[in-house]
Amino acid sequence: MAFSVASTFLSLRNPHRPSSATSSFAPQLARKFQVLHLPLRDKGVSLLGLNRKRSVQVKASMAETAKSDKNIVGVFEKEELPVALAKYVADLSDKFTKERGSFTVVLSGGSLIKCLGKLLEPPYADSIEWSKWHVFWVDERVVPKDHEDSNYKLAYDGFLSKVPILPGNVYAINDALSAEGAADDYETCLRHLVKNGVLAVSSVSGFPKFDLMLLGMGPDGHVASLFPGHALVKENQKWVTFIKDSPKPPPERITFTFPVINSSAYIAMVITGAGKADAVHTALGDSKNSEKLPVELVSPEGELKWFLDKGAASKL
Ligand SMILES: O=C(O)[C@H](O)[C@@H](O)[C@H](O)[C@H](O)COP(=O)(O)O
């Protein structure tokens, strides 16, 4: 295989006790939207003490868009979001390792990695079946893996090096290749994993179906390396593509395409900071914009949940 597998062995860090997992959300937001609790047991939703009648309506069809289902798990204090996210990820890890014997998880860059920090602590550090995890990136900067801009390095230093995920199950890009070559190579890797049965395929779209994608969003509404107004947003054939003129540096990146993103079984949009408030408002508010932001095109076959902090939700 040409694709590159991160060759590191991973050990458990000395964990601290988790803080209590109470989520808080702005009351006005609670009234306006369905603020949802973790929905893994029945794939419907349970509501955090709000309007129960409306909660039935929120048992939304799997294909509903973010705008119409507004599946906001909570609007959290900064330190509380990682607690809720850890539970969400751990429950899904449990579900998929039991059901399929593996758990395919897609990471992005940015602050997401820090938000995963609670998974490094009890009870998760010891209870998660890390050896069943297969880790991918929704996008990656085309830089060496030890470069400060590398999403792999960010995840490795902050998360992957601290849990016993098998090195062969960590799918970094081949950083010896050009952007185009690395994208082709990554797609080849995914096709190989589909053949092996590690990676599922959507019976609806024919594209690979990851168990969980953990997505961040930029202040401009970009997700992965799919930027507003860029032609790549419309790519509908390739699984993985490349960009050489990213408006956010570094310019060369590879990225999953929307058909892959939207074939996911579960997507968690993890968005923090007041700088995202406008884009969050566009995506989840009542305004109607003519050209959709990339974040508004996230509409998975499966379940989409929003984890927001107070800053990100401040314009809702
Ligand atoms: O490759 C990138 O440029 C980043 O990975 C980017 O896509 C990031 O995921 C979002 O900008 C959210 O980042 P923050 O959560 O740090 O704001």
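Residues numbered from 1 in each chain as written. Predicted model: local features only at pLDDT ≥ 70, side-chain atom pairs only at ≥ 80, totals over all residues. Heavy atoms only, no water.

**Focus: the overall build of the chain**
Item 1. Check the secondary structure of the chain and you find 10 helices and 13 strands.
Item 2. Taken over 316 residues, the chain has a buried fraction of 57%.
Item 3. A separation of at least 24 residues holds for 77% of the contacts in the chain among residues at least 6 apart in sequence.
Item 4. For the chain, the exposed surface amounts to about 13200 Å²; the carbon and sulfur share of it is 53%. (Helix = DSSP H or I, 4+ residues; strand = E, 2+ residues; numbered from the N terminus. Buried < 20%, exposed > 50% of the residue type's maximum accessible area, 1.4 Å probe, protein only. Contact = heavy atoms within 4.5 Å. Areas by Shrake-Rupley, 256 points an atom, 1.4 Å probe, with all protein chains shown as cover.)

**Points about the site of the ligand**
Item 1. Taken together, 13 residues are adjacent to the ligand, and Ser 111, Arg 141, His 222, Arg 253 and Lys 276 come closest.
Item 2. Here Lys 248 contributes a side-chain N or O atom positioned 3.1 Å from an oxygen atom of the ligand.
Item 3. Contact with the protein chains hides 88% of the accessible area of the ligand, taken as 420 Å² for the molecule alone.
Item 4. Residue composition of the shell around the ligand, grouped by class: 2 nonpolar, 6 polar and 5 charged. (Near = heavy atom within 4 Å. Polar contact = N/O pair within 3.5 Å; in protein donor to acceptor, adjacent residues only side chain to side chain. Nonpolar A, V, L, I, M, F, W, Y, C, P; charged D, E, K, R; others polar.)

**Details of the pattern of salt bridges**
Item 1. In total, this model carries 15 salt bridges according to the counting rule given.
Item 2. Put simply, Lys 118 and Glu 121 hold a salt bridge, and the shortest N to O gap is 3.4 Å.
Item 3. Where Glu 148 meets Lys 153, a salt bridge forms, and the shortest distance between an N and an O atom there is 3.9 Å. (Salt bridge = Lys/Arg side-chain N within 4 Å of Asp/Glu carboxyl O.)

**Overview of the sheet that holds strand β5 (residues 133–137)**
Item 1. If you walk across this open sheet you meet the 6 strands as β3-β13-β12-β9-β4-β5, and the pairing is parallel. Each edge of the sheet is formed by a strand with only one pairing partner; in this case those strands are β3 (72–76) and β5. Taking the axes of each pair of neighbouring strands and ignoring which way they run, one obtains an average angle of 15 degrees across the sheet. (Pairing = 2+ DSSP bridges. Axes fitted to C-alpha atoms, helices over the stretch in contact; angles between N-to-C directions.)

**A look at the sheet that holds strand β10 (residues 240–243)**
Item 1. The strand order across the open sheet built from 3 strands is β6-β11-β10, with neighbouring strands paired in antiparallel fashion. Edge positions in the open sheet fall to β6 (139–141) and β10, since each of these has one partner strand only. If you compare each strand with its neighbour and ignore which way they point, the axes differ by 20 degrees on average.
Item 2. Most of the contacts of helix α8 (residues 179–196) go to β10, to which it runs at about 165 degrees, and overall it touches β10 and β11 (253–256).

**Some thoughts on helix α4 (residues 81–100)**
Item 1. When the terminal C-alpha atoms of α4 are compared, their 28 Å separation across 20 residues agrees well with the 28 Å that a helix rising 1.5 Å per residue should span.
Item 2. In terms of residue burial, α4 counts as a mostly covered element, since 14 of its 20 residues are buried.
Item 3. Once α4 ends, the next one or two residues include Gly 101, with phi positive near 80 degrees. (Expected span 1.5 Å × (residues − 1).)

**Section: the environment of Ala 224**
Item 1. Locating Ala 224 in the fold gives a position in the loop between β9 (212–215) and β10.
Item 2. Residues contacting Ala 224, with those up to four places away along its chain left out, are Val 138, Asp 139, Thr 255, Phe 256 and Ile 261.

**With respect to helix α10 (residues 277–284)**
Item 1. In terms of burial, α10 is a largely internal element, 6 of the 8 residues being buried.
Item 2. Within α10, the full set of buried residues consists of Ala 277, Ala 279, Val 280, Thr 282, Ala 283 and Leu 284.

**With respect to the pairing of β5**
Item 1. Within β5, 5 of the 5 residues are buried, which leaves it mostly tucked inside the rest of the structure.
Item 2. On β5, burial covers both faces: Trp 133, Val 135 and Trp 137 on one face and His 134 and Phe 136 on the other are all buried.
Item 3. Summarising the sheet, strand β4 (residues 103–107) and β5 pair through 5 bridges and their orientation is parallel. Residue pairing across strands places Thr 104 opposite His 134, the latter belonging to β5.

**Side note on the nonpolar core**
Item 1. Core analysis: the biggest nonpolar cluster contains 94 residues, and Leu 85, Leu 119, Trp 133, Phe 256, Met 269 and Leu 308 have the highest contact counts within it.
Item 2. In terms of residue count, the dominant contributor to this core is α4 (9 residues). (Core = buried A, V, L, I, M, F, W, Y, C linked by side-chain atoms within 4.5 Å.)

**Section: the confidence of the model for the chain**
Item 1. Across the chain, pLDDT averages 83, with 78% of residues at or above 70.
Item 2. Low confidence marks residues 1–68, where pLDDT is under 50. Its contacts with residues over four positions away, or in another chain, come to 166 contacts. (pLDDT = per-residue confidence, 0-100.)

**Observations regarding the packing of aromatic side chains**
Item 1. Tallying each qualifying case throughout the model produces 14 aromatic pairs.
Item 2. For the pair Tyr 152 and Tyr 156, a centre-to-centre distance of 5.8 Å together with 20 degrees between the ring planes defines the contact as stacked. Of this pair, Tyr 152 and Tyr 156 both sit in helix α7 (residues 151–158), 4 residues apart, which is roughly one turn of that helix. Across this residue pair, the class does not change: Tyr 152 and Tyr 156 are buried.
Item 3. Plain terms: the ring middles of Tyr 186 and Phe 256 are 6.0 Å apart, the flat faces sit at 50 degrees to each other, and that makes the pair tilted. Residue Tyr 186 is located in helix α8, and its partner Phe 256 is located in strand β11; the two are separated by 70 residues in the primary sequence.
Item 4. The lysine or arginine in question, Arg 191, covers the ring of Trp 239, its NZ or CZ lying 3.9 Å from the ring centre. (Phe/Tyr/Trp six-rings, centres within 6.5 Å; stacked < 30°, edge-to-face > 60°. Lys NZ or Arg CZ within 6 Å of the ring centre and 35° of its normal.)

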